[in-house]
Amino acid sequence: MNVDQRGLEIGPFDIFGITLHPVFHWYGLIIVLGIALAALLAAWMAKRDDKDPDVVWDALIWVVILGVVFARAWHVLFPSISMIESGRDTGWYMSHFFDLNEGPLVIWSGGLSIFGAVIGGALGVLLYTWRHKLDILSWLDIAAVAVPLGQAIGRWGNYVNQELYGKPTDLPWGIKIDNPPLEYSEATRFHPLFLYESLWNLFTVGILLVVWLKFRDRLKKGDILLMYLVMYPTARALLEFLRIEVAMSGGLNVSQVFSALVAVAATLALIVRHRHDIARRLRGEGAETHAPMPKNS
């Protein structure tokens, strides 16, 4: 076994005359760790809510497969500026669909979007819970608490790959990048956007978990999901101002615009859902107490 910057290299060794020399890249290992810990948190929450924790592990295959498919699809549809400048735009991906070196099917060649991953993962939860006649919104609330934990851990894979960094900075926590874009070749340190996002996601996990533990019986099903859809997209939209590797379409930063729209829509949805309580509070009356969520779903 050899441990280097790429990851864990095992072998070479022969099996039935075939020489194997597998390399487990740090990026992939970190992503797997993030998924596993997020699933453990979700299973613990399910058990605490009198739900079957095995649902989490049974649904995980749906979540992971659809998450990876949508994460790759988002990258193919909205490639970053550097990818476009290197000639690999959406048109190139479509014309090289079966290219097993750098084509869209080769997910290990780089290019997975968190937006696609979250959309695909949520679709996996929806399909599984719908098929098994479970309470969709309460399970999505659990997922909304667990997902940012996986994100917080997974972002360190970007650190290993020297991805997700921002503009040059003189701040003491700035990071060095071996091969920055030519226009920033004179810079020595860059904003560690992966770190900012990781810390924010850990903060998000803490806030949402406390809300779920203490106040879920007073909230409507789906409220915690909406809170996540306010917290993460808001931070992401702000961090996009510092980001170098952005995905542009029609002169707009796709990630920033999408994040802002999601955050605004989720905020409005929360306001509309609780408009009567808000109106009562504004009139100085007590807020309506919602019936506790059923815990047998």
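Residues numbered from 1 in each chain as written. Predicted model: local features only at pLDDT ≥ 70, side-chain atom pairs only at ≥ 80, totals over all residues. Heavy atoms only, no water.

**Looking at the overall build of the protein**
Here is step 1 of the chain: For the protein, the count of helices and strands is ten helices and seven strands.
Here is step 2 of the chain: The contacts in the protein between residues at least 6 apart in sequence include a share of 62% that link residues at least 24 apart. (Helix = DSSP H or I, 4+ residues; strand = E, 2+ residues; numbered from the N terminus. Contact = heavy atoms within 4.5 Å.)

**A short note on the pattern of salt bridges**
If charged atoms from side chains of opposite charge come close, those side chains can pair.
Here is step 1 of the chain: Applying the stated criterion across every chain yields a total of eight salt bridges.
Here is step 2 of the chain: One salt bridge in this structure joins Asp-49 and Arg-216, with 3.1 Å as the shortest N-O distance. Of this pair, Asp-49 sits in the loop between α1 (26–48) and α2 (54–77) while Arg-216 sits in the loop between α7 (193–215) and α8 (223–239); the two residues are 167 residues apart in sequence, bridging distant segments of the chain.
Here is step 3 of the chain: Here Arg-216 falls in the buried class, since its relative accessible area comes to 7%.
Here is step 4 of the chain: For Asp-277, the salt bridge identified is with Arg-280, shortest N-O distance 3.7 Å. Here the residue Asp-277 and the residue Arg-280 both occupy positions in helix α10 (residues 275–282), the gap between them amounting to three residues, near one helical turn.
Here is step 5 of the chain: We classify Arg-280 as partly exposed; its relative accessible area is 24%.
Here is step 6 of the chain: Taken together, the salt bridges that share partners define one network made up of Asp-49, Lys-51 and Arg-216. (Salt bridge = Lys/Arg side-chain N within 4 Å of Asp/Glu carboxyl O. Buried < 20%, exposed > 50% of the residue type's maximum accessible area, 1.4 Å probe, protein only.)

**Structural notes on the side chain of Thr-169**
Here is step 1 of the chain: Take Thr-169: it is sitting in the loop between α6 (136–160) and α7.
Here is step 2 of the chain: Polar side-chain contacts of Thr-169 include one of 3.0 Å to the backbone nitrogen of Leu-171. (Polar contact = N/O pair within 3.5 Å; in protein donor to acceptor, adjacent residues only side chain to side chain.)

**What to know about the nonpolar core**
Here is step 1 of the chain: Formed by 36 residues in total, the largest nonpolar core has its most connected members in Leu-41, Met-45, Val-56, Trp-139, Ile-142, Val-145 and Ile-224.
Here is step 2 of the chain: Going through the elements one at a time, α1, α2, α5 (114–131), α6, α7 and α8 are the ones with two or more residues in this core.
Here is step 3 of the chain: Leaving out residues up to four positions away in the same chain, Val-145 has contacts with Leu-41, Met-45, Val-205, Leu-208, Leu-209, Trp-212 and Ile-224.
Here is step 4 of the chain: Membership of the second largest hydrophobic core comes to nine residues, among which are Leu-164, Ile-175, Phe-190 and Leu-239. (Core = buried A, V, L, I, M, F, W, Y, C linked by side-chain atoms within 4.5 Å.)

**Digging into unusual backbone geometry**
Here is step 1 of the chain: Here the phi dihedral of Asp-50 falls at roughly 60°; this positive angle occurs in a residue that is not glycine.
Here is step 2 of the chain: Tracing the sequence through the fold places Asp-50 in the loop between α1 and α2.
Here is step 3 of the chain: Among the residues examined, Asp-50 registers a relative accessible area of 56% and is labelled exposed.
Here is step 4 of the chain: Backbone geometry at Leu-164 places phi at a positive 50°, although glycine is not the residue there.
Here is step 5 of the chain: A relative accessible area of 8% means that Leu-164 is categorised as buried.

**Considerations on α2**
Here is step 1 of the chain: An ideal rise of 1.5 Å per residue puts 34 Å on 24 residues; α2 measures up with 35 Å between its terminal C-alpha atoms.
Here is step 2 of the chain: Regarding α2, the residues found buried are Val-55, Val-56, Ala-59, Leu-66, Gly-67, Ala-71, Arg-72, Trp-74, His-75 and Val-76. (Expected span 1.5 Å × (residues − 1).)

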